[in-house]
Amino acid sequence: MGGQTNIHTSINIRMYGPGAMLALCLPCFLSGNVFGYEYGEDYSDSYYNEISNGERLQRATQIPCPPQDLSRWDKLFIMLEDYQMKQDMLLQQNEDMVKAEMDSIRRELHKHNNNNVCVQASENTCKCISEHMNRNLNQAMDQLREAADMYQAHNNETLQQLIQYSRNQATHLTMAMKSFSTYPKEQEASNADGGKLERALMATVADLQRVHAQLALFQRATAHRFLPSGKCFNCCEMALLFPMRSKHIFVEVTPSMSMSLQSFTICLWAKVTQSLNKTVLFSYGTKKNPQELQLLLARNSLLLTVGGETHLVEAHSVVTDGQWGHFCAAWSSEQGLATLWVNGENAAKVPGVAEGHVLPGNGFILLGQERSRSGIYRDMDSSVAFTGKMTGVNMWNHMLDAGRIKEYADQDGYCDSRGNVIGWGVSEIIPHGGAQYIN
């Protein structure tokens, strides 16, 4: 408002300034003295004038515009000039302030645009890194599959050669035995020929023993590498691969019925690459308790927790890295009886574990990882992640007897039965991150 008043005042002075000056100078014209000139006619007789002749003579000898009048005019003009200067200064100051504000706004907008550019650049960089990692992971998996196929082909070829060699040696041995039984008298007659035949037979037996040892070694090596075999082609010949220890790699399971249970049995096959202080096989959690039910590995031990870590069952020295193992855990709310089974053998049996407890429903089942307390996947802990292979995951809503568990631990008879809570090859089991199904 102050700036607008100053502007209007300046405009008024500029518009009406000449008129004001004319009004101020008009008395000088009326007195007859202008810029040192004096009219010769005397109007003293026609007009009444209070100034006497002496005063007129005295005034005639003086400067037409008295000094005091000139000083007043000077002061007036100086005041007007000062006022105009102040108005110009205020206008200039207002313009400078407006320019400063505009410059500040431009800088803020430029800074905001730069921030947007930085955010966009960061998003593009992260996207490129993610795509690059995915490509590298896919290439590594392709190379791993090719190497596995080559290794499988080489092993099959070696096995066929060993089998053929064994058959040839068995044929030679059979022919030699027939020859020895057909001509006993001739062989007895010729000691030299009998000694040669005996040496040949001993050499053949030694060769057969070496072939048998190589076949046994080869069978043990392939048994550790390949999946447990069974009658169900779509079950045990399919497994979950966890290629590395990562918080982004896990498998989510949707049960076929409610998890509000008073008893259960969990069984699965697993081949862990490396077991740490806490490696999760099976985890069930709710918003209230993310670790409601867990089947864990701890170095060479197998652990079961129900209702929290305070209710713990542990079996020592039952896990070997790099080897397939069949693990089962059973629990009943009645008397709190909990048991652990490894490869069909009872490894631990503890009563009073979460006695009277009932598993809450509406939770989340994860394989190879546990639910974070915040419930957000990115907050998961990579140190507890499982790395290796897993197959034949089943869960029942009751405790299985010892005979059933031993039957399921048999590699030739496990895949015929499925759990009614989780059934391998039937229930919805979805890999996330780098986890995937393999044959």
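Residues numbered from 1 in each chain as written. Predicted model: local features only at pLDDT ≥ 70, side-chain atom pairs only at ≥ 80, totals over all residues. Heavy atoms only, no water.

Thoughts on the overall build of the protein chain
Counting secondary structure elements, the protein chain contains six helices and 16 strands. Counting every position in the protein chain, which comprises 439 residues, the buried fraction comes to 31%. Within the protein chain, contacts between residues at least 6 apart in sequence are counted, and of these 70% link residues at least 24 apart. By element, 55% of the accessible surface of the protein chain is carried by carbon and sulfur atoms, the whole surface being about 27600 Å². (Helix = DSSP H or I, 4+ residues; strand = E, 2+ residues; numbered from the N terminus. Buried < 20%, exposed > 50% of the residue type's maximum accessible area, 1.4 Å probe, protein only. Contact = heavy atoms within 4.5 Å. Areas by Shrake-Rupley, 256 points an atom, 1.4 Å probe, with all protein chains shown as cover.)

Description of the pairing of strand β3 (residues 239-242)
Taking every second residue as pointing to the same face, both faces of β3 are buried, with A239 and L241 on one and L240 and F242 on the other. Pairing analysis gives three bridges linking β3 to strand β16 (residues 436-438), with the strands arranged antiparallel. Pairing of A239 across the sheet is with I438, part of β16. Sheet topology places β3 next to strand β14 (residues 388-396); three bridges connect them, and they run antiparallel. Each bridged residue has a counterpart across the sheet, and for L240 the counterpart in β14 is M390. (Pairing = 2+ DSSP bridges.)

Observations concerning a nonpolar patch on the surface
Together, V98, M102, I105 and L109 make up a nonpolar patch on the protein surface, roughly 360 Å² of accessible area in all. Within the secondary structure, M102 is located in helix α3 (residues 67-182). M102 gets classed as partly exposed once you look at its relative accessible area, which sits at 39%. (Patch = residues over 30% accessible without salt bridge, like charges linked within 9 Å, V, L, I, M, F, W, Y side chains within 5 Å. Salt bridge = Lys/Arg side-chain N within 4 Å of Asp/Glu carboxyl O.)

Quick look at the pattern of salt bridges
Note that side chains of opposite charge can pair when their charged atoms are close. Inspection of every chain in the model, using the stated rule, returns two salt bridges. With a shortest N-O distance of 2.9 Å, D103 and R106 are connected by a salt bridge. Within this pair, D103 and its partner R106 are both found in helix α3, separated by three residues, close to a single helical turn. For E370, the salt bridge is made with K278, and the minimal N-O distance between the two is 3.0 Å. Of this pair, E370 sits in the loop between β13 (364-367) and β14 while K278 sits in the loop between β5 (263-272) and β6 (279-285), placing them 92 residues apart in sequence.

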